[in-house]
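Structural overview
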Amino acid sequence: MPVWHLIEGATLRWNGPMRTTADQLAGVLDHWKSGTGPLYQQLADAIVALAESGTLEHGARMPSERALATRLHLSRNTVTAAYQRLRDQGWLEASAGSAPRLGTRSRGVAALTAQDRFSRILVGQDPPLVALNTASPPPAPAVSAALAAPEALLDGRAALGNGYAALGDRDLTLAITDHLRRQGIAARPDEVVVTSGAQQALWLAVTALASPATPVALEAITYPGVFDAIAAAGSRPFALPMTDEGLDVEGSAKLLRAAEPDLAYLTSFNNPTGTSLADADAIRLLTAAKLAGTTMIDDRTLADLALSGRRPRPFASLGTGASVITIGGMSKVFWGGLRIGWLHTNATLAAQLRHRRAAMDLGSPALFQRVGAVLLREAYDDTLEWRLASLRESLAATRAAMREAGLDWEAVDPAGGPSLWVRLPGLSSERFAERAERAGVPVVAGAAFSVVPGAGVDRFRLPFYLPPEEMRLGIKILAERAA
Ligand SMILES: Cc1ncc(COP(=O)(O)O)c(C=O)c1O
């Protein structure tokens, strides 16, 4: 059963003057006839749903009655009656005319561009009792050992020089290139940009490629760190539909073809739902993206954290010929405190972004770049194995604590990634998050991850990166004081 149905999940902003053609409207009016009641009413209700979700913009001009009737194979009378109903309800501007504008009751999407959601997740200098607001792991043993004695790790490898490696430490760039090659991407060092975490990589990519002309396509529920970058580019997000099982690939491919956005951003595994695309589905989506002229950002920050089944393959390894930018980093397997991430794209864009990044901050700390290179080359496989074992253990402890506390929270185990996407039956997740914060165990309510206002409001993200005893304590407090 779809959670975020197609018509609830998309915001289309057409190029140029806001005019919705009959073809565009037909493209997003999916299954509109499946309801009951007269056809004109079903059509009007479906258009209201599109306006409510922001799929159709406030002020957009609708197709003429005749064009829409022809396109939908309806009698003109049916469309006239549907438009009249919309006028009566205040959805279409009152002035007569066969191509009216969507009027005052439709929700504009301006609210979506004011993105203070991410900062709300990050604020707070004092460490809480149990921090369940960020999905960030404690350092892996290999990191703690490296930081305790970096000289031993670096062991006479080239000196740190003046401490600046603004365009990316050579060793680290080569280690990342090898890492990407092992994952199936035919990467070359000049195609790799070293960044301060995957966060800076996505910021660089989004601000370089998004524009006010077209929206950026995102999973309806996604990593909130992307919203500010989209707003900074003067663009806006629009949602690709999702079901409980993950992305609705057919609906998303259809939307990409209809909206032809310059850019789409996808997370693998999804943060916070833990879903990923099967290869065949990824290929279908990439094929649609190629036809639409859309560049895909494949954010693989969580991709190696496969808890069941296999790791999703990089989009760039699937041979579709679509334009793909791959993003990743060391935060989720090793430690976020290293602030080492990367971006892979064509050599020309990579060179531009490398210089743009250098102009921002003159590079990540040279020591951490050096340490990162050695860890990535020599400790990746063992550390990943350790991290996955820790995550499985913490998830089991979390589940056990939920059972012991008699909580009625609903969540399926994620295919990958460090979070449960929990549904709270009969409880507002915003209110739950407020109580949780007061109890010293902050969590993030679902709305923060949602592209469309109103989606995800009965959910919250429960990361299980912390050790089992901390997870047990956190759940106990949440059960006693917030649930
Ligand atoms: C999907 C996704 N992208 C990017 C990031 C940012 O990670 P980093 O610490 O590498 O900047 C995160 C962190 O949670 C994430 O989940």
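The coordinates are above.
Attention in this report is confined to the structure presented alongside it. (Residues numbered from 1 in each chain as written. Predicted model: local features only at pLDDT ≥ 70, side-chain atom pairs only at ≥ 80, totals over all residues. Heavy atoms only, no water.)

Observations regarding the packing of aromatic side chains
For the structure shown, the criterion picks out 5 aromatic pairs. With a centroid separation of 5.2 Å and an interplanar angle of 80°, the aromatic rings of W409 and F460 are classed as edge-to-face. Taken together, the positions of W409 in the loop between α16 (380–404) and β10 (419–423) and F460 in strand β12 (residues 459–463) put the pair 51 residues apart, joining distant regions of the chain. Judged by relative accessible area, which is 0%, F460 ranks as buried. Arranged with centres 4.7 Å apart and planes meeting at 45°, the rings of F432 and F460 form a pair that is tilted. With F432 in helix α17 (residues 429–438) and F460 in strand β12, this residue pair connects regions lying 28 residues apart in the sequence. Every member of this aromatic cluster is reached through a ring pair, and the members are W409, F432 and F460. (Phe/Tyr/Trp six-rings, centres within 6.5 Å; stacked < 30°, edge-to-face > 60°. Helix = DSSP H or I, 4+ residues; strand = E, 2+ residues; numbered from the N terminus. Buried < 20%, exposed > 50% of the residue type's maximum accessible area, 1.4 Å probe, protein only.)

Looking at the site of the ligand
All residues in the neighbourhood of the ligand are listed as G197, A198, Q199, Y223, Y265, T267, N271, D299, T301, S331, K332 and R339. Contact distances for the ligand include 2.9 Å between an oxygen atom and a backbone N or O atom of Q199. At a separation of 2.6 Å, a nitrogen atom of the ligand approaches a polar side-chain atom of D299. Within the complex, 92% of the 400 Å² of free accessible area of the ligand lies under protein. (Near = heavy atom within 4 Å. Polar contact = N/O pair within 3.5 Å; in protein donor to acceptor, adjacent residues only side chain to side chain. Areas by Shrake-Rupley, 256 points an atom, 1.4 Å probe, with all protein chains shown as cover.)

Section: the sheet that holds strand β1 (residues 192–195)
On the basis of which strands lie adjacent, the open sheet formed by 7 strands has the order β1-β9-β8-β7-β6-β2-β3 and mixed pairing. Both outer strands of the open sheet, β1 and β3 (237–240), are each paired with one neighbouring strand and no more. Each strand axis lies, on average, 20° off the axis of its neighbour in the sheet, ignoring direction. Alignment of strand β8 (residues 324–329) against strand β9 (residues 341–344), held across 4 bridges, turns out to be antiparallel. Residue pairing in the sheet places I327 in a bridge with L343 of β9. Contacts from helix α14 (residues 347–361) reach β1, β8 and β9, with the element oriented near 20° to β1. (Pairing = 2+ DSSP bridges. Axes fitted to C-alpha atoms, helices over the stretch in contact; angles between N-to-C directions. Contact = heavy atoms within 4.5 Å.)

Observations regarding the sheet that holds strand β11 (residues 444–445)
Reading across from one edge, β10-β12-β11 is the order of the 3 strands in this open sheet, with antiparallel pairing throughout. Each edge of the open sheet carries a strand with a single partner, namely β10 and β11. In this sheet, β12 lies alongside β10 in antiparallel orientation, the contact comprising 5 bridges. Its bridge partner being in β12, W421 is matched across the sheet by R461. Set on the sheet, α16 makes contact with β10 and β12; between it and β10 the angle comes to about 25°.

Considering the pairing of strand β6 (residues 263–267)
A large share of β6 lies buried, amounting to 5 of its 5 residues. Alternating residues of β6 divide into L263, Y265 and T267 and A264 and L266, and every residue in both groups is buried. Judged from the 5 bridges that link them, β6 and strand β7 (residues 295–299) form a sheet pairing that is parallel. Across the sheet, T267 pairs through a bridge with D299, a residue of β7. For the segment spanning β6, helix α13 (residues 279–292) and β7, crossover handedness is right-handed. (Right-handed = clockwise from strand over helix to strand, strands pointing away.)

Let's talk about the packing of helix α12 (residues 249–259) against α13
Two elements in contact, α12 and α13, have axes whose closest approach is 8 Å; the angle formed by their N-to-C orientations is 10°. As summarised for this structure, α12 and α13 are arranged roughly parallel, according to the angle between their axes. The segment α12 lies against α13, with V249, E250, S252, A253, L256 and R257 engaging D281, R284, L285, A288, A289, L291 and A292. Tallied by class, the residues present in the contact of α12 with α13 amount to 8 nonpolar, 1 polar and 4 charged. (Parallel < 35°, antiparallel > 145°, perpendicular 65-115°, else oblique. Nonpolar A, V, L, I, M, F, W, Y, C, P; charged D, E, K, R; others polar.)

A word on the pairing of β7
Most of β7 sits out of view: 5 of its 5 residues are buried. Of the two faces of β7, the one holding T295, I297 and D299 and the one holding M296 and D298 are both buried throughout. Across 4 bridges, β7 lies against β8 in parallel orientation. Paired with I297 across the strands is I325, a residue of β8.

Things to note about the environment of E65
Structurally, the position occupied by E65 is in helix α3 (residues 65–72). Judged by relative accessible area, E65 falls into the buried class, the value being 8%. Between the C-alpha atoms of E65 and P100, which are 35 residues apart in sequence, the distance is 9.4 Å. Looking at E65, its side chain comes within polar contact range of the side chain of T80, at 2.9 Å.

A word on empty space enclosed by the protein
Considering all chains together, one arrives at 2 cavities of 30 Å³ or more under this definition. Its boundaries defined by the atoms lining it, the largest cavity holds a volume of some 150 Å³. When residues of the lining of the largest cavity are traced back to their parent elements, those giving at least two are α9 (170–182) and β8. Top contributing element to the lining of the largest cavity by residue count: β8, with 4 residues. Considering only residue class, the lining of the largest cavity consists of 8 nonpolar, 6 polar and 3 charged. The calculated volume of the second largest cavity comes to roughly 120 Å³. Lining the second largest cavity we find 17 residues, and of these E219, T267, S268, S276 and L277 sit closest to its centre. At the level of secondary structure, the elements contributing two or more residues to the lining of the second largest cavity comprise β5 (246–247) and β6. (1 Å grid on protein atoms, 1.4 Å probe; cavity = no way out; pocket = protein on both sides within 12 Å on 5 of 7 lines; lining within 4 Å. Points joined across faces, edges and corners; volume = space filled by probe spheres on them.)

Considerations on unusual backbone geometry
For the bond from S268 to F269, the omega torsion is -10°, close enough to zero to count as cis. When you line up the elements, F269 lands in the loop between β6 and α13. The omega torsion across N271 and P272 is 25°, close enough to zero to call that bond cis. Among the structural elements, P272 can be located in the loop between β6 and α13. At H73, a position not held by glycine, the phi torsion is positive, near 55°. Relative to the helices and strands, H73 is located in the loop between α3 and α4 (76–88). Owing to a relative accessible area of 71%, H73 belongs among the exposed residues under this scheme. Phi at R339 takes a positive value of approximately 50°, unusual for a residue other than glycine. Along the polypeptide, R339 turns up in the loop between β8 and β9.

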